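# Structure assessment
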Amino acid sequence: MRLGRVKVSGGFLLLLAWLNYTDTQGLIPLAVLSCALHEAGHWLAIQAVGGEVTGLRLGIAGAAMELGRPLSYGAEILCALAGPGVSLAMAWLGSILPGGALFAGINLVLATFNLLPVSGLDGGRALHCALCALAGPEAAERTAGLLDGFLVGALVAAGAILAWKGGSVTLLFTSGWLFSSVWREKEGKRACQTA
C-alpha cells in the first residue's frame, strides 16, 4: 500500500494488528511513538547534512528511508547514529518523568538493539561506513559478514538456551528475525552481483 511517499507492506500491517491485539499493557502505542521518534531522529539528521528523503518504507523488518542521493561516509554515520541518539534521549526523559519507566525501557531497548553492529541495523550501517572510509568497501563487506555471522549466531544460541531453560522466547524470535533479515540482505547482494 502506498500513502504518498510512504510505502507500507501488508506484513507490517499484519504484525502491527497482531501486536495490538495481544497487547494487554498498553505497550504498543508507546512502542509506536518510540519508533516514530527514532525515525524522526534519522530524518532530522539527514536534513541537517543536506540530504533529501524521497520515501519511507515500512515493512516487517522495520523502517527504511529512501534518499535522493548518496551521502558521504561521515554524513551517513551521523544519520545512522541519530536514531539511537534520539532513543537514548527519550529513555533519559522517560526515566525522570513520573510514570515514564515503561517509555524509558522501550527506548533503551530500541537504542541498544539498533546499535548492534549487524547489517540492517543502525550500528551495522555506521560501522560499515566507518570501515569503508578507513579500509575500503571490500574490507568493510568481509568484516560485516564475519560480524553478522558471529553476533547473529550468538544471539540465536542465547535465545534458544533461554527458551529451553523456560525463559522468554522474545530473544529467540528477535534473533531469528535478525537472522532472516541479514540473510535476505546477503541474498539480495548476491542477486545484484550475478545479474
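Residues numbered from 1 in each chain as written. Predicted model: local features only at pLDDT ≥ 70, side-chain atom pairs only at ≥ 80, totals over all residues. Heavy atoms only, no water.

Attention now moves to the confidence of the model for the protein chain. Of the residues in the protein chain, 93% have a pLDDT of 70 or more, and the chain-wide mean is 88. No element of the protein chain has a lower mean pLDDT than strand β1 (residues 2-3), at 64, and none a higher one than helix α3 (residues 73-96), at 97. When the criterion is pLDDT under 50, residues 190-195 qualifies, and its contacts beyond four places in sequence or with other chains add up to zero contacts. (pLDDT = per-residue confidence, 0-100. Helix = DSSP H or I, 4+ residues; strand = E, 2+ residues; numbered from the N terminus. Contact = heavy atoms within 4.5 Å.)

This part is about the pattern of salt bridges. This structure, assessed with the given rule, holds three salt bridges. Notably, a salt bridge pairs R57 with E66, separated by 3.0 Å at the nearest N-O pair. For R57, a relative accessible area of 41% gives the class partly exposed. Residues R125 and E76 are paired through a salt bridge, measuring 2.4 Å at the closest nitrogen-oxygen approach. Placement of R125 in helix α5 (residues 122-135) and of E76 in helix α3 is noted, with a sequence separation of 49 residues between them. The class of R125 is partly exposed, set by a relative accessible area of 37%. Through salt bridges with shared partners, a single ionic network connects K7, R57 and E66. (Salt bridge = Lys/Arg side-chain N within 4 Å of Asp/Glu carboxyl O. Buried < 20%, exposed > 50% of the residue type's maximum accessible area, 1.4 Å probe, protein only.)

Position of S119 relative to the elements: it lies in the loop between α4 (101-114) and α5. Accessibility expressed as a relative area gives 9% for S119, which makes it buried. Separated by 2.6 Å, the side chains of S119 and D148 make a polar contact. (Polar contact = N/O pair within 3.5 Å; in protein donor to acceptor, adjacent residues only side chain to side chain.)

For the pair helix α2 (residues 27-48) and α4, the least separation of the axes is 10 Å and the interaxial angle reads 50 degrees. The orientation of α2 with respect to α4, classified from their angle, is oblique. Every pair of crossing elements has a handedness; the one defined by α2 and α4 is right-handed. For the pair α2 and α4, the contacting residues are L27, L30, A31, L33, S34, C35, L37 and H38 in the first and L102, F103, I106, N107, L110 and N114 in the second. Each residue belonging to the contact of α2 with α4 can be placed in one class, and the counts come to ten nonpolar, four polar and no charged. (Axes fitted to C-alpha atoms, helices over the stretch in contact; angles between N-to-C directions. Parallel < 35°, antiparallel > 145°, perpendicular 65-115°, else oblique. Left-handed = near helix turned anticlockwise from the far one by under 90°. Nonpolar A, V, L, I, M, F, W, Y, C, P; charged D, E, K, R; others polar.)

Because an α-helix packs 3.6 residues into every turn, residues spaced three or four apart end up facing the same way. Between its first and last C-alpha, helix α6 (residues 137-164) extends 40 Å over 28 residues, near the 40 Å set by a 1.5 Å rise per residue. Among all positions in α6, only A139, A140, A144, D148, V152 and G159 are buried. Of the residues flanking the end of α6, it is G166, one or two places downstream, whose phi is positive at about 95 degrees. (Expected span 1.5 Å × (residues − 1).)

With that settled, consider the pairing of strand β3 (residues 53-59). Bridge analysis of strand β2 (residues 6-8) against β3 gives three bridges, and the strand direction is parallel. Each residue of the ladder has a partner; that of V8, found in β3, is L58. Pairing between β3 and strand β4 (residues 62-67): six bridges, direction antiparallel. Looking at the pairing, R57 lines up with A64 of β4. Where β3 folds back onto β4 in an antiparallel hairpin, the turn is made up of two residues. (Pairing = 2+ DSSP bridges.)

By size, the foremost hydrophobic cluster in this structure holds seven residues: A45, I46, V53, L71, A75, C79 and A82. Sorting the residues of this core by element identifies α2 and α3 as the ones contributing at least two each. If one sorts the elements of this core by residue count, α3 sits on top with three residues. With residues up to four places along the chain from it excluded, the contact list for L71 reads V49, G51, E76 and C79. (Core = buried A, V, L, I, M, F, W, Y, C linked by side-chain atoms within 4.5 Å.)

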